[in-house]
Amino acid sequence: MTGTAQHEFPMTRTCPFSPPPAYREIREEEPVSRVRLPEGGFAWAVSRHEDVRKVLGDRRFSSDRQHPDFPKLTAGEAAARRPDDERTLIDMDAPEHGPARRTVLGEFTVRRLEALTPRIQQIVDDRVDAMLAGPKPVDLVAALSLPVPSLVICEMLGVPYDDHALFQDNTAKIVGRATPQPERQAAFIAVQRYLVDLVAAKEDDPPDDLLGRQIRKLTEEGTYRRTSLATMGFLLLVAGHETTANMISLSTMALLRDPDQLAAIRADPGRTPGAVEELLRYFTILDTATARLCVEDAEIGGQLIRAGDGVLALTHSANRDPRAFENPDDLDIGRGARHHLAFGFGPHQCLGQNLARTELRIVLDTLFRRIPTLRLAADVDDLPFKSDAFIYGLYELPVTW
């Protein structure tokens, strides 16, 4: 690498509605910048929309997080390994990645999600019923945001919801930036062992849930391995509840503080899908999952990146790039932001993105229709945002009506 690193990553949001302030400086002054990592190494931060898309769609940039040169964003991260060093989809490169992704892709088709929609609606209605029957104010995170995606992904996978405390508590440790590495590793192991045991219990008579269907399919193909399927379940379980839960909370908060845009959704629910896309772009809650390792010399944004260099593809910066979005720092539910990068881009684009969209749409439409006087019960400045986590969100969201 050449050049002097002026910034250290990961960075923290200082305003709950904006990327870290240095993102704008990097994007406008040196869009491919050399930056410092926590343990003293260096990486390239790629910050413009066009360049981030190029990195995420180029096979010269590897997703192999188990490679010793992969950019580490927490101290001691090199020591963190899942049991048996099993890879998840996000760790794989071609040619391994494609077949592994296709194995489970059928579980997230539009047809399957359409069939699941009535059940998602019922789950949301049940949680809103419980809110209306209980005391006010209520913490929306505990009452709605976290239970809805947790219940949905549990039912899809065939994970007993009664065990939700185990995976929710350990997920919080996994995504917390300040979690000591031994504690993070213990959390990985606890969830993985739980899923290995759960998959094993399904083997004799696989049920009609995602894990059961995968057992039957992979067994017929002669490729079934218990630990491999458990690791797939690990990724879907953790990603399937934590990310959507945070987006539900942030989206509700943002719309409650912007009555004009909320009124537009209430007047025309057909605008909700567009609002969901804009909210995803605006918050971009998972900004560092798109780190990559350059495995073959490549030029990005006029900068030569050498094989062996780490790369941070900054999706939050890309989603605030004025070259891609007019007035990007404004939340505008009518902008049409479908080309945002909140779900990534290229072969590793989020597998469950349409499930997340469906859940967000149903939650927002149902919540504001059934509780038309819903309002925040605390000042935004006093809300506990997850500035200390790799997945941005809210720890609590007090609301009343």
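Reference entry: report on the structure contained in this document. Within every chain, residues take consecutive numbers counted from 1 along the sequence as written. Local features in a predicted model are, by the rule used here, given only for residues with pLDDT of at least 70; side-chain atom pairs are given and counted only at 80 or more, and totals for whole chains, interfaces and linings are based on all residues. As a rule here, side-chain values come from all non-hydrogen atoms in the structure, and water together with hydrogens is ignored.

1. Looking at the overall build of the chain
- Per the convention used, a helix needs a DSSP run of H or I reaching at least four residues, while a strand needs a run of E reaching at least two, with both numbered from the N terminus. Broken down by element type, the chain carries 14 helices and 11 strands.
- Here the chain has a C-alpha radius of gyration of 21 Å; the compact-globule value for 401 residues is 21 Å, and the two agree.
- For the chain, the spread of C-alpha atoms along the principal axes amounts to about 60 × 55 × 40 Å.
- Only protein chains enter the accessibility calculation, which uses a 1.4 Å probe; a residue whose area is less than 20% of its type maximum is buried, one above 50% is exposed, and one in between is partly exposed. Looking at the chain residue by residue over its 401 residues, the buried ones come to 55%.
- Pairs at least 24 apart in sequence give 73% of the contacts found in the chain among residues at least 6 apart.
- In the chain, 48 positive and 60 negative side-chain charges are present, and the distance between their average locations comes to 2 Å. For the radius of gyration, the atoms used are the C-alpha atoms, and the globule rule reads 2.2 Å times the number of residues raised to 0.38. Throughout, a contact is declared for two residues whenever any of their heavy atoms are within 4.5 Å. A residue counts as positive if it is Lys or Arg and as negative if it is Asp or Glu; His and the chain ends are not included. All charge positions are set by atom: Lys at NZ, Arg at CZ, Asp at CG, Glu at CD.

2. Regarding unusual backbone geometry
- Of the consecutive residues Phe-9 and Pro-10, the connecting peptide bond is found in the cis state with omega at 0 degrees.
- Cis geometry is found at the peptide bond from Lys-136 to Pro-137, where omega equals -10 degrees.
- With respect to the element layout, Pro-137 can be found in the loop between helix H4 (110-133) and strand S5 (138-139).
- Although it is not a glycine, Thr-284 sits at a positive phi angle of roughly 40 degrees.
- Among the secondary structure elements, Thr-284 is positioned in the loop between helix H12 (272-283) and strand S6 (291-294).

3. Concerning the pattern of salt bridges
- Salt bridges are counted wherever a side-chain nitrogen of Lys or Arg sits within 4 Å of a carboxyl oxygen of Asp or Glu. Under the counting rule described, the total for this entry stands at 24 salt bridges.
- The closest approach of N and O atoms between Asp-58 and Arg-60, which form a salt bridge, is 2.7 Å.
- Arg-213 serves as the salt-bridge partner of Asp-208, at 2.9 Å between the closest nitrogen and oxygen.
- Note on Asp-208: relative accessible area 62%, which makes it exposed.
- Connected through salt bridges with shared partners, the residues Glu-107, Arg-112, Asp-208, Arg-213 and Arg-216 form a single ionic network.

4. A short note on the sheet that holds strand S10 (residues 375-376)
- By the convention used here, strands pair only if DSSP detects at least 2 bridges between them. Across the sheet, three strands lie side by side as S5-S11-S10; this open sheet has antiparallel pairing. Only two strands of the sheet have a single partner each, and these edge strands are S5 and S10.
- For S5 and strand S11 (residues 398-400), the ladder comprises two bridges, and the chain directions are antiparallel. By the bridge assignment, Val-138 is partnered in S11 with Val-399.

5. What to know about the packing of aromatic side chains
- Each Phe, Tyr or Trp ring, with Trp reduced to its six-membered ring, pairs with another whose centre is within 6.5 Å; inter-plane angles below 30 degrees give stacked pairs, above 60 give edge-to-face pairs, and intermediate values give tilted ones. Per the counting criterion, the structure on display carries six aromatic pairs.
- With a centroid separation of 6.0 Å and an interplanar angle of 15 degrees, the aromatic rings of Phe-9 and Tyr-23 are classed as stacked. Taken as a pair, Phe-9 in the loop between strand S1 (7-8) and helix H1 (22-29) and Tyr-23 in helix H1 lie far apart in primary sequence, 14 residues in all.
- Since its relative accessible area comes to 3%, Tyr-23 is described here as buried.
- Relative to Phe-234, the ring of Phe-188 lies with its centre 5.6 Å away and its plane at 20 degrees, an arrangement referred to as stacked. Of this pair, Phe-188 sits in helix H8 (residues 181-202) while Phe-234 sits in helix H10 (residues 226-256), and the two are 46 residues apart along the sequence. Take Phe-188 and Phe-234: they sit in the same class, and that class is buried.
- Whether a charge lies above a ring is judged from NZ of Lys or CZ of Arg, which has to be within 6 Å of the ring centre and within 35 degrees of the ring normal. Between the NZ or CZ atom of Arg-257 and the centre of the ring of Phe-17, over which it lies, the distance is 4.0 Å.
- Lying over the aromatic face of Phe-325, Arg-281 brings its terminal NZ or CZ to 5.2 Å of the ring centre.

6. Some thoughts on the pairing of strand S2 (residues 32-36)
- The element S2 is extensively covered by neighbouring structure, given that four of its five residues are classed as buried.
- Pairing geometry for S1 and S2, over two bridges, is parallel. Looking at S2, one finds that His-7 is bridged to Val-35.
- Sheet topology note: the S2/strand S3 (residues 42-46) ladder contains five bridges and is antiparallel. Within S3, the residue paired with Val-35 across the bridge is Ala-43.
- Taking the residues between adjacent antiparallel strands as the criterion, S2 and S3 are bridged by five residues, where Gly-40 takes a positive phi near 100 degrees.

7. As for the packing of H8 against helix H9 (residues 210-221)
- Axis definition: a line fit to C-alpha positions, over the contact stretch in the case of helices; interaxial angles, taken between N-to-C directions, run 0 to 180 degrees. Where H8 contacts H9, the axes come no closer than 10 Å and their chain directions differ by 65 degrees. Between H8 and H9 lies a crossing of right-handed hand. Along its contact with H8, which presents Leu-198, Val-199 and Lys-202, the element H9 presents Leu-211, Gly-212 and Ile-215.
- Just so you know the grouping, Ala, Val, Leu, Ile, Met, Phe, Trp, Tyr, Cys and Pro go in nonpolar, Asp, Glu, Lys and Arg go in charged, and all remaining residues, Gly too, go in polar. The class makeup of the residues in the contact of H8 with H9 is four nonpolar, one polar and one charged. Take the far helix as the reference: if the near one is turned anticlockwise from it by less than a right angle, the crossing is left-handed, and if turned clockwise, right-handed.

8. Considering the environment of Glu-30
- The topology assignment puts Glu-30 in the loop between H1 and S2.
- Judged by relative accessible area, Glu-30 falls into the partly exposed class, the value being 38%.
- It is 9.9 Å that separates the C-alpha atoms of Glu-30 and Arg-48, two residues lying 18 residues apart in sequence.

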